[in-house]
There are 2 protein chains.
Amino acid sequence: MINKQSKLPIYYQLEEAIKQEISQKGLAPHSPIPSEREYAEKHGISRMTVRQAINNLVSQGILYRARGRGTFISEQKFEQDISQLSSFSEDMRERNLTPSTKIIKMDELIGPSAAHDKLNLKINDTVYEIVRLRLANDQPIALETIFTPKKLLGAITEKQVETSFYQYLENDLGLSIKRGFQSIEASLATSEEMTYLQIKKNDPVLVMQRTSFLDDHLGTPIEFVKSIYRADRYKFNIEMNRS
Amino acid sequence: MINKQSKLPIYYQLEEAIKQEISQKGLAPHSPIPSEREYAEKHGISRMTVRQAINNLVSQGILYRARGRGTFISEQKFEQDISQLSSFSEDMRERNLTPSTKIIKMDELIGPSAAHDKLNLKINDTVYEIVRLRLANDQPIALETIFTPKKLLGAITEKQVETSFYQYLENDLGLSIKRGFQSIEASLATSEEMTYLQIKKNDPVLVMQRTSFLDDHLGTPIEFVKSIYRADRYKFNIEMNRS
DNA sequence: GAGTGGTCTAGACCACCGC
DNA sequence: CGGTGGTCTAGACCACTCG
């Protein structure tokens, strides 16, 4: 129900109410929901407020409108599922695998480097270099090298990067990641990579490089990471929109 | 200027006017634009209408708001640039390369197949199988096999798939593609692939598989394509949002 | 305190759809 | 035709930011 005294905006309460209504009644995709005027009258609110709630649900891909006909429930979930920038740990959990990590190396880099470039840093800024072997269900999947600026992280210990680096940034440091740019190519493993990943000469690997940026309207780069994935155990899945 | 007699909505005219204002005055990212009340008064329209225009520009990533401070211009382009589902031709042009195509094979498949599964078809539906070698600046880049349902395309000729298949679907058939789901993995080329791509044994390749869906609220699958890319000449670039 | 965006109201007219 | 979403108005009060 809508509570006009609540600190939460009415349109937001209505959004939640509509979402709940859909899941509770188990409404199927393409079933109509009540009209905007019905919602307005039922809750004693303005139609414009109803529209704001519905607009948000439409842009979340939960509803769609048809002029002259009504508002309907979208095809399930699909539209929300546009693939998100996700960490290795999140990715593995989504695949119903248990992620784990072995830290190989932790260093500090000073002076010019490719990472300084990618992270848009000055020459005398310090960069952490963290090399981790990532496993799923205890099987090696990827060898990952993270570069991240010391001035944004402060002091870090091995403990803090033993699990999800994104989780550390977001939950412990309160940094919010907005977007990432990544490239994916195929290659053959180097001998060091072969050792850690337990693969043979001429086994192909996927090389993913990513730069992630903060949600601070300056788009500050927060990490540059290069990951080598075993091609026999990993495949990228991406959902994309057109236009 | 805003024309209230125009058939175009006022908010849309204002959107265009603001975009033009930004590019004409060459306003830098993070500069403020006039307040909502200023726009309303200046054009003799309601503030809610101004808000609708600005909301649209915000969701297009052109502007951002800051409560109590104002509305500002976003960091250039970046936010709009979330990578789009694009065809080989579009992709190559974006990389300033000239795409071309050699058709290797055109067939019709009947009976059960992996493509029938991916395209959600019945057993006795006919599927076109089109194999094309894709080149950029006359260098072979990818070997591409498209599966697409005959019942949605009708009769097709080699001429029609000599250039961009997406362009053919969209411009000639008036079909609108909404989204695609793709996977990317690394592999070694088969001997047939090696021949067409002019690569050697043990040269790695990228294998991309994609299913594309129409914008028809049923999300009808319109193509399943498997492409083999030369790893030395091609790399996927993807921009993604988080949360 | 003055100005900003965030929310909300109670109407209105329109174009479109299906019967 | 009646009902729908699409657009628009002319106000209002709020929370927030900044000088």
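Every value quoted in this text rests on a predicted model; they were computed, and no experiment measured them.

### As for the sheet that holds strand β2 (residues 63-66) of chain A
By definition, the strands of a sheet pair up through backbone hydrogen bonds, in either a parallel or an antiparallel sense. Residue and element names in this part refer to chain A. Reading across the sheet, the three strands line up as β1-β3-β2 and stay open at both edges, with antiparallel pairing between neighbours. Edge strands, defined here as strands with exactly one partner in the open sheet, are β1 (32-33) and β2. Bridging between β2 and strand β3 (residues 70-73) involves four bridges; their strand directions are antiparallel. Within β3, the residue paired with Leu 63 across the bridge is Ile 73.

### A closer look at the protein's contact with DNA strand D
The full set close to DNA strand D counts 27 residues, and Ile 10, Tyr 11, Ser 46, Thr 49 and Arg 69 of chain B are the nearest of them. Considering DNA strand D, the proportion of its atoms within 4 Å of the protein that are sugar or phosphate atoms stands at 63%. Elements supplying a minimum of two residues to the surface near DNA strand D: α2 (36-43), α3 (47-59), β2 and β3 of chain A together with α1 (10-25) and α3 (47-59) of chain B. With four residues, the top contributor of residues to the surface near DNA strand D is α3 of chain B.

### Observations concerning the interface of chain B and chain A
Interface size is commonly expressed as the accessible area that is lost once the parts come together. Contacts between chain B and chain A engage 43 residues on the former and 43 residues on the latter. In total, chain B and chain A occlude about 4100 Å² of area from one another, counting both sides; carbon and sulfur atoms represent 52% of this. At the boundary of chain B with chain A, the tally comes to two salt bridges. The partner of Arg 179 of chain B in a salt bridge is Glu 239 of chain A, with the nearest N and O atoms 3.3 Å apart. At the junction of chain B and chain A, the tally comes to 10 residue pairs in polar contact (both at pLDDT 80 or more). At 12 residues, strand β7 (residues 177-188) of chain B tops the list of elements feeding residues into the side of chain B that touches chain A. Grouping the constituent residues of the side of chain B that touches chain A by class yields 19 nonpolar, 14 polar and 10 charged. As judged from the six bridges shared by strand β10 (residues 236-241) of chain A and β7 of chain B, these two strands associate in the antiparallel manner. Paired with Met 240 of chain A across the two strands is Gly 180 of chain B, which belongs to β7 of chain B.

The rules behind these values
- Residues numbered from 1 in each chain as written.
- Chains lettered and ligands numbered in written order.
- Predicted model: local features only at pLDDT ≥ 70, side-chain atom pairs only at ≥ 80, totals over all residues.
- Heavy atoms only, no water.
- Pairing = 2+ DSSP bridges.
- Helix = DSSP H or I, 4+ residues; strand = E, 2+ residues; numbered from the N terminus.
- Near = heavy atom within 4 Å.
- Contact = heavy atoms within 4.5 Å.
- Buried area = accessible area lost by both parts, 1.4 Å probe.
- Salt bridge = Lys/Arg side-chain N within 4 Å of Asp/Glu carboxyl O.
- Polar contact = N/O pair within 3.5 Å; in protein donor to acceptor, adjacent residues only side chain to side chain.
- Nonpolar A, V, L, I, M, F, W, Y, C, P; charged D, E, K, R; others polar.

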